[in-house]
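Commentary on secondary and tertiary structure
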Amino acid sequence: MNARLFTVIAISLLGACTADSQFTPADTVFFGGEILTVEGPTSEYVEAIGVTDGIITQLGDASAIEKYRGKNTQVIDLEGKTLLPGFFDSHSHLASVGMKLATVNLDSKPAGNITSIDDIVSQLKARLSDNPPPEGEWLLGMGYDNAMLAENRHPTKVDLDKVSTEIPIVIIHFSMHMAVLNSKALELENITAASVDPAGGVIRRAENGNEPNGILEETAMRGPLLKTIAALGDGSRYGNKTFIERGLEVYAKNGFTTVIEGAATPVQIMAFKQLASEQRLGQDVIALQFFETAGVDDVKKAYSNRYQNRFRVGGGKVVLDGGSPGRTAYLRSPYHTSTHGQATDYRGYPTIEEQLSLNLLVDSYYQSNTPIFIHALGDAAIDMSIGAVEYAEANIDAPHDKRTQIIHAQQVQPDQFDVLKDLDITITFQMAHNFYFGDYHRDYIYGPERTDRLNPIKSAMDLGIPSTIHHDAPVHPVDQMMLISSAVNRTSRRGIVGGKEEQITPYQAVQASTINAAYQFFEGDRKGSLRLGKIADLVILDENPLTSAREDIRDIEVVQTVKDGITIWSRNDALE
């Protein structure tokens, strides 16, 4: 926008004139920056936007919108900053983001300061000394990453027993697909040398014996995880705010106006509904009910495509495999290297072992006309997902519109895309892994060739598959600008560009953060872009990601977040 046009706009909008009597004044008018609509296949800008009662009521030239300025209209000069639709989360775990604030932070850099197992022990000891858990509760830590520890291994019960053998302790792997328990916690869970691995899970054992070493994978760790979630569920450690509200504050600070709880328990659903009834949710929240804690009939009864006081249940969530750094993702081919006694042909495993069981589960959601979201990270898990969706689609009358979301999809192969493009699916890619774990995947997990195909979002977009990007918080920090940067640059911690041919444009990355996500959750008619009649969910950035240098996108900051036309977070130098 040139200086002359900026001056004309400022004079016309900030002048002392009042709105013409035939026009209803807007509550708020934004002007003076780059207003990106995210409408259409290419970037389009307007000069000004007007908002009334939380809805976009004016959009276009500043001179045309000037007439809607009344004496009570708030006029916000963007001062050259960039306004675009609020970020629409496509997959994360809101409740756990808030819960993590009450636990011992075991993140490695840049999210935390843990560098070794000794650091983990020290942090747990400090919490136990300063703020021990109430009697009957466990000491909980979250976010440890074996790949970033100096010892290059998982902690074990031997390490946690250095903290205490009397207080039960559990630490959750950053992926939330593995956990480590101390001896007391194993005793309380009745996990012994005689325990049998549950279907879809593993109880790791000490070398040269059957004694549990404290590390639990997938279904084996879900019992302790659900117990710790339940123990923190009343939000008592947050004063007058629940962990859900604290989590929403984190998302608001990062520009999110719609947030996903990607694996809600029935207790959490009740908590969300209670907060909603008290009008304590700052943003729209969509909860996906975890399939192991609710039957299809329960999810069907809870499902709604409309919000009630900013909350709705958006469908059911199925977890088909695990995570790649923890080697529980289900792959077609073996992992690049083997570890802790795994055979050289080890390729992970599914949590639902029989294809027919998955087929029937997915079909039951289709028959109930209830959305289903499938966690499938490895290519073998994606094969199973394809088979289940094909089965369900064959059993339902056409036409139908299910938009079944495949979550994570780190390894999608070309032959799978040939099938996926013709199915009624969407994909959300875990783009944070390209930065945080690109190097580790290259060296230990996938090897160079498969790492270059990690999260192949451009291939998906080229085929017209509705695609989004997510951080899977608290697995990775809530930070959409980092995701946009990762999708555009595909650069690892070491600066290696993994799969240049899968880089997308900044505009495509913005679409993957807004309108594409709204489409995946059946909300594209009211969110995700700036259009007359849509909800005024907005984010203001200090720079334009479409015109900034690609390497600088990650450093762009959120200035202000607007939900339903009302500012819910602003930086200290907020616009007025």
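My aim in this report is to walk through the structure given alongside it, one point at a time. Just so we're clear, the structure is a prediction, and the values are computed from it rather than from any experiment.

1. Focus on the overall build of the protein
Counting its regular elements, the protein contains 20 helices and 22 strands. Against the compact-globule benchmark of 25 Å for 576 residues, the protein has a radius of gyration of 24 Å, which places it among compact chains. Across its three principal axes, the protein shows a C-alpha extent of roughly 85 × 55 × 50 Å. The burial tally for the protein puts 60% of its 576 residues in the buried class. Counting contacts in the protein only where the partners sit at least 6 residues apart, residues at least 24 apart contribute 72% of the total.

2. Concerning the sheet that holds strand β17 (residues 404-408)
Sheet strands associate in pairs through backbone hydrogen bonding, adopting either a parallel or an antiparallel arrangement. Across the sheet, which stays open at both edges, the eight strands sit in the order β6-β13-β14-β15-β16-β17-β18-β19 with parallel pairing between neighbours. Of all the strands in the sheet, just β6 (87-88) and β19 (467-469) have a single pairing partner and so form its edges. Summarising the sheet, β6 and strand β13 (residues 256-264) pair through two bridges and their orientation is parallel. Each bridged residue has a counterpart across the sheet, and for Phe87 the counterpart in β13 is Phe256.

3. Notes on the layout of surface pockets
In this structure, the second largest pocket encloses a volume near 570 Å³. Forming the boundary of the second largest pocket are 28 residues, of which Lys100, Asp107, Ala111, His476 and Pro477 lie nearest the centre. Residues belonging to the lining of the second largest pocket are distributed by class as follows: 15 nonpolar, six polar and seven charged.

4. So, the side chain of His177
Tracing the chain through its elements places His177 in the loop between β9 (169-173) and β10 (178-181). Classification of His177 as buried rests on a relative accessible area of 12%.

5. A short note on the packing of aromatic side chains
In this structure the tally under the stated criterion is 10 aromatic pairs. Here the basic side chain of Arg403 rests over the ring of Tyr519, its NZ or CZ set 3.9 Å away from the ring centre. The residue whose ring lies beneath Arg554 is Phe435, and the NZ or CZ to ring-centre distance is 4.2 Å.

6. Overview of the packing of helix α11 (residues 355-367) against helix α12 (residues 379-394)
Where α11 meets α12, the closest approach of the two axes is 8 Å, and the angle between their N-to-C directions is 50°. Put simply, α11 runs oblique to α12. α12 is crossed by α11, and the crossing has right-handed handedness. On α12, the residues that touch Gln355, Leu358, Asn359, Leu360, Val362, Asp363 and Tyr366 of α11 are Met384, Ser385, Gly387, Ala388, Val389, Tyr391, Ala392 and Glu393. Residue composition of the contact of α11 with α12, by class: nine nonpolar, four polar and two charged.

7. Looking at a negative patch on the surface
Residues Glu543, Glu551, Asp552 and Asp555 make up a contiguous surface patch of negative charge. Within the secondary structure, Glu543 sits in the loop between β20 (538-541) and β21 (558-563).

8. A look at empty space enclosed by the protein
Applying the stated criterion across every chain yields a total of six cavities of 30 Å³ or more. As a volume, the largest cavity reaches approximately 350 Å³. Forming the boundary of the largest cavity are 22 residues, of which His93, Met176, Leu225, Ala263 and Phe290 lie nearest the centre. Secondary structure elements with two or more residues in the lining of the largest cavity: α7 (219-232), β13 and β15 (311-319). Here the lining of the largest cavity gets five residues from one element, more than from any other, and that element is α7. Here the residues of the lining of the largest cavity are counted per class, giving eight nonpolar, nine polar and five charged.

9. Brief notes about α12
If you check α12, its first and last C-alpha atoms are 22 Å apart, about what 16 residues at 1.5 Å a residue would give, namely 22 Å. In terms of burial, α12 is a largely internal element, 12 of the 16 residues being buried. Along α12, the residues that are buried comprise Asp379, Ala380, Ala381, Ile382, Met384, Ser385, Ile386, Gly387, Ala388, Val389, Ala392 and Glu393. On the buried face of α12, the contacting elements are α11, β16 (372-376), β17, α13 (414-420) and β18 (425-429).

10. A word on the pattern of salt bridges
For the coordinates displayed, the defined rule picks out 30 salt bridges. Between Glu211 and Lys157 there is a salt bridge, with its nearest N and O atoms 3.6 Å apart. Of this pair, Glu211 sits in the loop between β11 (201-205) and β12 (212-218) while Lys157 is found in helix α5 (residues 157-160), placing the two residues 54 residues apart along the sequence. By relative accessible area, Glu211 is classed as partly exposed at 41%. Among the residues examined, Lys157 registers a relative accessible area of 16% and is labelled buried. When the shortest N-O distance is used, the salt bridge between Arg526 and Asp525 registers 3.4 Å. Classification of Arg526 as buried rests on a relative accessible area of 10%.

Basis of the calculations
- Residues numbered from 1 in each chain as written.
- Predicted model: local features only at pLDDT ≥ 70, side-chain atom pairs only at ≥ 80, totals over all residues.
- Heavy atoms only, no water.
- Helix = DSSP H or I, 4+ residues; strand = E, 2+ residues; numbered from the N terminus.
- Rg over C-alpha atoms; globule rule 2.2 N^0.38 Å.
- Buried < 20%, exposed > 50% of the residue type's maximum accessible area, 1.4 Å probe, protein only.
- Contact = heavy atoms within 4.5 Å.
- Pairing = 2+ DSSP bridges.
- 1 Å grid on protein atoms, 1.4 Å probe; cavity = no way out; pocket = protein on both sides within 12 Å on 5 of 7 lines; lining within 4 Å.
- Points joined across faces, edges and corners; volume = space filled by probe spheres on them.
- Nonpolar A, V, L, I, M, F, W, Y, C, P; charged D, E, K, R; others polar.
- Phe/Tyr/Trp six-rings, centres within 6.5 Å; stacked < 30°, edge-to-face > 60°.
- Lys NZ or Arg CZ within 6 Å of the ring centre and 35° of its normal.
- Axes fitted to C-alpha atoms, helices over the stretch in contact; angles between N-to-C directions.
- Parallel < 35°, antiparallel > 145°, perpendicular 65-115°, else oblique.
- Left-handed = near helix turned anticlockwise from the far one by under 90°.
- Patch = residues over 30% accessible without salt bridge, like charges linked within 9 Å, V, L, I, M, F, W, Y side chains within 5 Å.
- Areas by Shrake-Rupley, 256 points an atom, 1.4 Å probe, with all protein chains shown as cover.
- Salt bridge = Lys/Arg side-chain N within 4 Å of Asp/Glu carboxyl O.
- Lys, Arg positive; Asp, Glu negative; His and termini not counted.
- Charge placed at Lys NZ, Arg CZ, Asp CG, Glu CD.
- Expected span 1.5 Å × (residues − 1).

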